[in-house]
Amino acid sequence: MLLEPLQDIPGLTLRAGAPLAELTRFGIGGAADLLAETSDSLAFVAAIRACRAAGIPFYIIGDGSNLIVSDRGYRGVVLRLASKGLVAAGTCIVADAGAPLQALVDAAIDRGLAGLETLTGIPGSVGAAVYGNAGAYGHSLSERVTGVELFDGETIRTLAHSDCEFEYRESVFKRHKDWIILRVTLQLEPGDGAALRARADEIRRVRDEKFPPTMRCAGSIFKNLLVANLPPEVVAGIPPQAIREGKMAAAYFLDQVGAKGMRRNGIQVADYHANLIYNAGGGTADDLRAIIADLRERVQAQFGILLEEEVQYLGE
């Protein structure tokens, strides 16, 4: 039944009972009833239309770097846009949503274009990075976005930067989950290629020490917090040196509630970073969600603040 509405769409690859664990950084989770992949944005849009017309549940994923898939999998169609195009003209780059964020960063540096080098080492696709307004070292991808081409359920159109409603780790796309990002236009600045590469290499070295590429994790689990949004009594108890650029690391609060080294079966919190949870081997999504819920409850009980996850959940 799931195959029928999709099987005649050119350029769409279909796989029934596809294990989703292999598509996530955590390496956990069950299978999707059907996985549909394509590198053609028009075929991707056609697949979305077909699922909606047939009343078939569907979910769209990128590289799965921030995805927790239920152990019971997903009852429906998982759609994945695998387009990886990057087109540069002057100081402008147009990137397909399916392109790896690292490929975009490297393309910019190779062309001597500044503005993305601090994002080096962040896993995931460009589309997901726009969706979550990814960033690091005081900079976010949104600073360079001038337009986002999307499918809004009816038509393909382009949003200007001001219409994307970017905030810290937020965008309009989180509030309109039926708006699907297809490609992004970014405006960069001329820079010294060698200096940009040196800066990126140093950032990558530090990041790889904290989040080794082979570690089955999503990087930080919880979002950092804007100090302006915290209760005054909480801010009063925070060491001033712990506040950076108006933000407070979630790891500070997690550390206070004993997060480091916590373990539930194969899922463990790093003993050197309270906001890093990884699959040490044999972990399950249920274990992962249980630790996340436990930590969220501990912080809320002690500090009266509710931490918000950066990860997304798929399935039951």
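Coordinates for the structure precede this section.
Reading the values: the criteria
- Residues numbered from 1 in each chain as written.
- Predicted model: local features only at pLDDT ≥ 70, side-chain atom pairs only at ≥ 80, totals over all residues.
- Heavy atoms only, no water.
- Pairing = 2+ DSSP bridges.
- Helix = DSSP H or I, 4+ residues; strand = E, 2+ residues; numbered from the N terminus.
- Phe/Tyr/Trp six-rings, centres within 6.5 Å; stacked < 30°, edge-to-face > 60°.
- Buried < 20%, exposed > 50% of the residue type's maximum accessible area, 1.4 Å probe, protein only.
- Lys NZ or Arg CZ within 6 Å of the ring centre and 35° of its normal.
- Polar contact = N/O pair within 3.5 Å; in protein donor to acceptor, adjacent residues only side chain to side chain.
- Contact = heavy atoms within 4.5 Å.
- Core = buried A, V, L, I, M, F, W, Y, C linked by side-chain atoms within 4.5 Å.
- Salt bridge = Lys/Arg side-chain N within 4 Å of Asp/Glu carboxyl O.

Peer 1: Explanation requested: the sheet that holds strand β17 (residues 243–244) in the structure shown.
Peer 2: Sheets are built from strands that pair by backbone hydrogen bonding, the pairs being arranged parallel or antiparallel. Ordered by their spatial adjacency, 3 strands build an open sheet running β16-β18-β17, and the pairing between neighbours is antiparallel. The sheet is open, and its two borders are formed by β16 (225–226) and β17, each paired with just one other strand.

Peer 1: Hey, could you run me through the packing of aromatic side chains in this one?
Peer 2: Aromatic ring pairs are defined here through the distance separating the ring centres and the angle between the ring planes. Taken as a whole and assessed by the stated rule, the structure comprises 3 aromatic pairs. Plain terms: the ring middles of Tyr252 and Phe253 are 5.3 Å apart, the flat faces sit at 85 degrees to each other, and that makes the pair edge-to-face. Judged by relative accessible area, which is 0%, Phe253 ranks as buried. Following the ring pairs from residue to residue traces out a cluster consisting of Tyr252, Phe253 and Phe303. For Arg199, the ring lying beneath its charged end belongs to Tyr137, and the centroid distance is 5.4 Å.

Peer 1: What am I meant to see in the side chain of Thr24 here?
Peer 2: Here Thr24 is to be found in the loop between β1 (13–19) and β2 (31–38). Here Gly27 takes part through its backbone nitrogen, which lies 3.0 Å from a polar atom of the side chain of Thr24. Not counting chain neighbours up to four residues away, the residues in contact with Thr24 comprise Gly64, Leu67 and Val69.

Peer 1: Would you explain the nonpolar core in this entry?
Peer 2: Of all hydrophobic cores here, the largest spans 54 residues; its most connected members are Leu6, Leu116, Val130 and Phe173. At 7 residues, the largest contribution of residues to this core is made by helix α1 (residues 41–54). What Leu116 contacts, discounting residues up to four positions off in sequence, is Leu104, Val105, Ala108, Leu141, Arg144, Leu186 and Leu188. Among the nonpolar cores identified, the runner-up in size contains 32 residues, and Val234, Met248, Ala250 and Val311 belong to it.

Peer 1: When you look at the pairing of strand β21 (residues 276–279) in this model, what are you seeing that I'm missing?
Peer 2: Every regular strand shows the same layout, with side chains that alternate between the two sheet faces. The alternating pattern of β21 places Leu276 and Tyr278 and Ile277 and Asn279 on opposite faces, both of which are buried. The pairing of strand β15 (residues 217–220) with β21 spans 2 bridges and is antiparallel. Bridging from a neighbouring strand, Cys217 pairs with Tyr278 of β21. The sheet contact formed by strand β20 (residues 267–269) and β21 spans 3 bridges and is antiparallel.

Peer 1: Could you clarify how one ought to interpret the pattern of salt bridges in this entry?
Peer 2: Close approach of charged atoms allows side chains of opposite charge to pair. Within this structure, the stated rule accounts for 22 salt bridges. The shortest N-O distance in the salt bridge between Asp287 and Arg264 comes to 3.1 Å. Pair noted here: Asp287 is in helix α8 (residues 285–303) and Arg264 is in strand β19 (residues 263–264), with a separation of 23 residues, a long-range link. Residue Arg264 is classed as partly exposed on the basis of its relative accessible area, which comes to 39%. It is possible to trace a salt-bridge network through shared partners that takes in Glu37, Asp63 and Arg80.

These figures capture arrangement, not role.
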